[in-house]
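Spelled out from the first residue to the last, the chains are:
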Amino acid sequence: MDTITSTPTAGTPAGKTSPWQKLPVIFISALACCALWGSAYPCIKIGYALFEIPADSPASQLLFAGLRFFLAGILTLIMGGFISRKLLLPKKSSWKGISLLALTQTVVQYLFFYLGLAHTSGVKSSLVGALTTFFAIFISALIFRMEKLTPRKLLGCVLGFAGIIIINLSGVAGMTFDFHLNGEGFILLSNLSYAFSSNFARIFSQKDDPVMLSGCQFVLGGLVLILVGVLTGGHLAMTGIAGVGLILYMAFISAAAYSLWGILLKYNSVSTVTVFGFMTPVFGVLLSALLLGERGEAFSLKSLVALALVCLGILIVNTTIGTRKRQNH
């Protein structure tokens, strides 16, 4: 039985289930996170145009990412403080968790992501990125021993991964089987870093407010990315109200999605939450269709099949967990 179903989480009385552990809440909240992250795909493309960021300038891209995450951290702390009606200030003991999250969730993940993306295709990076869910569940089960690795969880992940393969089948030109350390290898390291961050978020949120952790790590990680971007020659063009609005929306994406994701990880096993990650590229395709005019690609038979496989994988993992919860209570 999963660790989180047999022991109460921080802030939840023994024998009681937090509202964040109810399947409808998990589904709605996790899908909202994936929809927000999915909207980031077209927004990043639009942002590169508005801020005049060349496709071959990782320094400027890192500077852009750093500004986004720094603003996201400030926004997270303001929003979280307003909702909780108190200042979200870290304790001295919280800085270990904040530093590890900033390193794995923001700095290492995006540093390797942008460097790797410059040396591989979007199709291959999307497929390699889908391995994050496998990494997160394996790390949770085999390294941190926070849950068991079951055939049902693996089946759910395989179905979700199959959906990601199908939705990327049109990119035949990018579907070669060669492997480059500075391309696919860096994307792999990026996703491995994020998988570790999901487990760190689960661990550190047991003692600290997940919204505070999210906000502080964004501020710290964003500052590091800004510094790296500036020192390596990054530059952002001055822009108008459209650019300001876009960067604020992208900051909101990170602030809302990562904070909500952190709360879900606080009260649920890593596999329960991370399996929803397969929905992010699906939302990315659908929202790109609306925002970038790629309707023919999004609303096709293969996209519907991909969506069905991803949803089936999510249901298999979460229905199993829901059954176990009812048996345990």
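Preceding this section is the structure that the text describes.
Here the structure is a predicted model, which is why all the values come from computation and not from measurement.

(A) Geometry of the overall build of the protein. Helix and strand counts for the protein come out as 14 helices and zero strands. Secondary structure elements in the protein, listed N-terminal to C-terminal, are α-α-α-α-α-α-α-α-α-α-α-α-α-α. Scored against the burial criterion, the 329 residues of the protein give a buried share of 52%. In the protein, the proportion of contacts linking residues at least 24 apart, taken out of those at least 6 apart, comes to 89%. Counting only carbon and sulfur atoms, one obtains 73% of the accessible surface of the protein, whose full area is about 14,700 Å².

(B) Seen up close, unusual backbone geometry. At E52, a residue that is not glycine, the phi angle is positive and equals roughly 55°. For E52, a relative accessible area of 60% translates into the label exposed. Even without a glycine there, the phi angle at R85 is positive, about 60°. Positionally, R85 belongs in the loop between helix 3 (58-84) and helix 4 (95-117).

(C) Up close: the environment of F204. Looking at where F204 falls in the secondary structure, it is placed in helix 8 (residues 181-204). Measuring from C-alpha to C-alpha, the distance between F204 and L101 comes to 9.2 Å, with 103 residues separating the pair along the chain.

(D) Examining empty space enclosed by the protein more closely. According to the stated counting rule, one finds one cavity of 30 Å³ or more in the structure shown. Approximately 120 Å³ is the volume found for the largest cavity. Contributing to the lining of the largest cavity are 13 residues, with Q105, A201, S214, Y258 and G262 lying nearest its centre. Every element with two or more residues in the lining of the largest cavity is listed here: helix 4, helix 8, helix 9 (210-231) and helix 10 (241-267).

(E) Main features of the packing of aromatic side chains. Applying the stated rule across the entire model yields 19 aromatic pairs. Between the aromatic rings of Y110 and F113, the centroid separation amounts to 6.4 Å while the plane-to-plane angle is 75°, which identifies the pairing as edge-to-face. Here Y110 pairs with F113, and both are found in helix 4, just three residues apart, close to one helical turn. One aromatic cluster in this structure is built from W37, F69, Y110, F113, Y194, F218, Y258 and W261. Residue placement shows K266 over the ring face of Y267; its charged tip is 5.7 Å from the ring centre.

(F) How the structure looks around helix 2 (residues 23-50). The first and last C-alpha atoms of helix 2 sit 40 Å apart over 28 residues, in line with the 40 Å expected at 1.5 Å per residue. Along its length, helix 2 reaches its greatest deviation from straightness, about 30°, at P42. Looking one or two places after helix 2, you find E52, whose phi comes out positive at around 55°.

(G) Examining the pattern of salt bridges more closely. Taken as a whole and judged by the stated rule, the model has two salt bridges. Between K91 and D208 there is a salt bridge, with its nearest N and O atoms 3.7 Å apart. Of this pair, K91 sits in the loop between helix 3 and helix 4 while D208 sits in the loop between helix 8 and helix 9, and the two are 117 residues apart along the sequence. Of the charged contacts in the structure, one is a salt bridge between K153 and E147, with a shortest N-O distance of 2.7 Å. Here K153 matches E147 in class, with each residue buried.

(H) View of the packing of helix 3 against helix 9. One way to put it is that helix 3 packs onto helix 9 with a least axis distance of 7 Å and a crossing angle of 155°. Taken together, the axis directions place helix 3 and helix 9 in an arrangement best described as roughly antiparallel. Handedness of the crossing formed by helix 3 with helix 9: left-handed. Of the residues that constitute the contact of helix 3 with helix 9, the class distribution is 20 nonpolar, eight polar and no charged.

(I) Expanded view of a nonpolar patch on the surface. Side chains of L142, I143, L149 and L154 sit close together on the surface and give an oily, nonpolar patch of about 340 Å² of accessible area. Tracing the chain through its elements places L142 in helix 6 (residues 132-143).

(J) Quick peek at the layout of surface pockets. Considering only enclosed or pocket space, the second largest pocket measures out at about 240 Å³ in volume. Of all the secondary-structure elements, those providing two or more residues to the lining of the second largest pocket are helix 3 and helix 10. A class-by-class count of the residues in the lining of the second largest pocket yields eight nonpolar, four polar and one charged.

(K) Focus on the side chain of S57. Position of S57 relative to the elements: it lies in the loop between helix 2 and helix 3. For S57, a relative accessible area of 15% puts it in the buried group. Within the structure, the side chain of S57 is placed 3.0 Å from the side chain of S60, a separation counted as a polar contact.

(L) Fine view of the nonpolar core. Ranked by internal contacts, the top residues of the largest apolar core, which has 67 residues, are W37, F64, W261, F276 and F278. Looking at which element gives the most residues to this core, the answer is helix 10, with 13 residues. Setting aside anything within four residues of it in sequence, one finds F64 in contact with G47, Y48, F51, I53, L236, I247 and M250.

Parameters at a glance
Residues numbered from 1 in each chain as written. Predicted model: local features only at pLDDT ≥ 70, side-chain atom pairs only at ≥ 80, totals over all residues. Heavy atoms only, no water. Helix = DSSP H or I, 4+ residues; strand = E, 2+ residues; numbered from the N terminus. Buried < 20%, exposed > 50% of the residue type's maximum accessible area, 1.4 Å probe, protein only. Contact = heavy atoms within 4.5 Å. Areas by Shrake-Rupley, 256 points an atom, 1.4 Å probe, with all protein chains shown as cover. 1 Å grid on protein atoms, 1.4 Å probe; cavity = no way out; pocket = protein on both sides within 12 Å on 5 of 7 lines; lining within 4 Å. Points joined across faces, edges and corners; volume = space filled by probe spheres on them. Phe/Tyr/Trp six-rings, centres within 6.5 Å; stacked < 30°, edge-to-face > 60°. Lys NZ or Arg CZ within 6 Å of the ring centre and 35° of its normal. Expected span 1.5 Å × (residues − 1). Bend = angle between axes of the 7 residues up to and from the residue. Salt bridge = Lys/Arg side-chain N within 4 Å of Asp/Glu carboxyl O. Axes fitted to C-alpha atoms, helices over the stretch in contact; angles between N-to-C directions. Parallel < 35°, antiparallel > 145°, perpendicular 65-115°, else oblique. Left-handed = near helix turned anticlockwise from the far one by under 90°. Nonpolar A, V, L, I, M, F, W, Y, C, P; charged D, E, K, R; others polar. Patch = residues over 30% accessible without salt bridge, like charges linked within 9 Å, V, L, I, M, F, W, Y side chains within 5 Å. Polar contact = N/O pair within 3.5 Å; in protein donor to acceptor, adjacent residues only side chain to side chain. Core = buried A, V, L, I, M, F, W, Y, C linked by side-chain atoms within 4.5 Å.

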